[in-house]
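What follows is each chain in one-letter form.
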Amino acid sequence: APKQFSRPQSIALDEEGLLWIADSCNHRLQIVDWRNDEVKHVKTLGRHGRGPGEFSYPYGIFLAKDCVYVAEYSGHRIQKIDRHGNFLAEWGKPGKGSGELNAPWSVVLDSQGMMYAVESGNHRIQRFNIS
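Everything quoted here is computed from the prediction, not taken from an experiment. (Residues numbered from 1 in each chain as written. Predicted model: local features only at pLDDT ≥ 70, side-chain atom pairs only at ≥ 80, totals over all residues. Heavy atoms only, no water.)

(A) Quick peek at the pairing of strand E7 (residues 77-82). Burial runs high along E7: five of the six residues are buried. Where strand E6 (residues 67-72) folds back on E7, the antiparallel hairpin that results is connected by four residues, among which His-76 adopts a positive phi of roughly 55°. Here E7 pairs with strand E8 (residues 87-91) via four bridges, running antiparallel. Residue pairing in the sheet places Gln-79 in a bridge with Glu-90 of E8. (Buried < 20%, exposed > 50% of the residue type's maximum accessible area, 1.4 Å probe, protein only. Helix = DSSP H or I, 4+ residues; strand = E, 2+ residues; numbered from the N terminus. Pairing = 2+ DSSP bridges.)

Listed below in structure tokens is the structure:
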């Protein structure tokens, strides 16, 4: 149900003050408004699956200007979605080689168009040029 979580893994705060939560075991992102005394559910994005815009244990989220990057622990990929949940792009597939991911835990972007993914399964941090 909205505002109920199963292993919330990471959070991010957007420019409006809304809290984005990676609700990993529910395979979704929840957006809530905590700016007042009462917590209000704003939106839920995603559902369980391995298709575009679906999630398999979302662990890490990074809010960019007009989009969201989601590290999927069991999906072995990073997805880029818009703020409405529409699929835009993805990086990675299961494996140990360059460009492959094994249980990504977190994701972040720098100002130069580089994306960094923490992989717990491969015990490394991998960098992708996404510009």
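From this point on, the discussion continues.
(B) Geometry of a nonpolar patch on the surface. Taken together, the side chains of Trp-105, Val-118 and Ile-125 define a hydrophobic patch exposed on the protein surface, amounting to about 280 Å² of accessible area. Tracing the backbone shows Val-118 in strand E10 (residues 114-119). (Patch = residues over 30% accessible without salt bridge, like charges linked within 9 Å, V, L, I, M, F, W, Y side chains within 5 Å. Areas by Shrake-Rupley, 256 points an atom, 1.4 Å probe, with all protein chains shown as cover. Salt bridge = Lys/Arg side-chain N within 4 Å of Asp/Glu carboxyl O.)

(C) Structural view of the nonpolar core. Ranked by size, the top nonpolar core spans 13 residues in total, and within it Trp-20, Leu-29, Leu-45, Ile-61, Val-68, Val-70 and Ile-81 carry the most contacts. For this core, the elements supplying multiple residues, two or more each, are strand E2 (18-23), strand E3 (28-33), strand E5 (58-63) and E6. With three residues, E2 is the single largest residue contributor to this core. Those residues in contact with Val-68 that lie beyond four places of it in its chain are Trp-20, Leu-29, Ile-61, Phe-62, Leu-63, Gln-79, Lys-80, Ile-81 and Arg-83. (Core = buried A, V, L, I, M, F, W, Y, C linked by side-chain atoms within 4.5 Å. Contact = heavy atoms within 4.5 Å.)

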